[in-house]
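Listed here are the chains, written in short residue letters.
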Amino acid sequence: MHVCLVVGDDDVASRLISNLEQAGRYRITVFRDITELNQSNLTPDAILIGVQQFASLRENEPMVYLRLSRKSRIIVVLSSRELLDAAHILAFADAWLFEDINADRINELIDLGLEGHCLMPKQFLSHLGVDEIRLSLLPRLSDPEYQTLLLLGQGLNNRTIADRLDLSEAVVKSMVRSVLSKLHFRNRTEAGVFAARQQAALAPARAGTLAEIRRSEA
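Residues numbered from 1 in each chain as written. Predicted model: local features only at pLDDT ≥ 70, side-chain atom pairs only at ≥ 80, totals over all residues. Heavy atoms only, no water.

(A) The arrangement of the packing of aromatic side chains in detail. Counted under the stated rule, the structure contains two aromatic pairs. Ring plane angle 50° and centroid distance 5.4 Å describe the contact between phenylalanine 185 and phenylalanine 194, whose orientation is recorded as tilted. With relative accessibility at 1%, the residue phenylalanine 194 sits in the buried group. Between the NZ or CZ atom of arginine 58 and the centre of the ring of phenylalanine 92, over which it lies, the distance is 3.5 Å. (Phe/Tyr/Trp six-rings, centres within 6.5 Å; stacked < 30°, edge-to-face > 60°. Buried < 20%, exposed > 50% of the residue type's maximum accessible area, 1.4 Å probe, protein only. Lys NZ or Arg CZ within 6 Å of the ring centre and 35° of its normal.)

(B) Highlighting the pairing of strand E1 (residues 2-6). By the criterion of burial, E1 is predominantly enclosed, with five of the five residues buried. Alternating residues of E1 divide into His2, Cys4 and Val6 and Val3 and Leu5, and every residue in both groups is buried. Note on the crossover from E1 through helix H1 (residues 10-23) to strand E2 (residues 27-30): the handedness is right-handed. Strand direction decides the pairing type here: E1 and strand E3 (residues 46-50), joined by four bridges, are parallel. (Helix = DSSP H or I, 4+ residues; strand = E, 2+ residues; numbered from the N terminus. Right-handed = clockwise from strand over helix to strand, strands pointing away. Pairing = 2+ DSSP bridges.)

(C) Spatial organisation of the sheet that holds E1. Spatially, E2-E1-E3-E4-E5 is the arrangement adopted by the five strands of the open sheet, whose pairing is parallel. The sheet is open, and its two borders are formed by E2 and strand E5 (95-98), each paired with just one other strand. Each strand axis lies, on average, 25° off the axis of its neighbour in the sheet, ignoring direction. Seen against the sheet, helix H3 (residues 51-60) touches E1, E3 and strand E4 (73-78) and runs at an angle of roughly 100° to E3. (Axes fitted to C-alpha atoms, helices over the stretch in contact; angles between N-to-C directions. Contact = heavy atoms within 4.5 Å.)

(D) Geometry of the pairing of E5. Residues of E5 alternate between two faces, with Ala95 and Leu97 on one and Trp96 and Phe98 on the opposite face, all of them buried. Note: E4 against E5, four bridges, orientation parallel. Residue pairing in the sheet places leucine 78 in a bridge with phenylalanine 98 of E5. Note that the unit made of E4, helix H5 (residues 83-90) and E5 has a crossover that is right-handed.

Functional significance is not addressed by these values, which are geometric in nature.
As structure tokens, then:
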């Protein structure tokens, strides 16, 4: 079976190659980018492609994507924290591989991918699993946006939030939209429920210490 890798992160690529080589069932070809793969005219059974490279392929080279997807199974490689950011394009892949969760099961994932199936880690099948991803994304919020999220968790409206933060209501409205966008909430109610449900974890997550707390609790 021929597998091609187009993964931008060298460390991730090395781990995937090591796992593939242990199985002893694959012919492996590594490419620096999609252009190099396209120019090779190879038709591998499966293409393992980084999520950023896949997004670029879909947006910038749709005809190349169509040609490759007709001849090969496309398996997107991403980390768990990239799931929400990449959700809008993952439906166009045949399978997903989470390099920080199930890379050691790559052989099983490829077999499933060749049949058009995907193995979804169980932690993503609940609200709490998605919450963990959103917690990891909290550092991308500015300080005012983070304070806005906390106040959404108290069920406050924009006018009250504006009074609490000493900002105009228009600015608060803009910040609410930014919070929803950055953390991939559908609406302010969903954001508020998340903030209330994860109240104790918000500050450690924003400070980058939540992982240490989780390890100490295990």
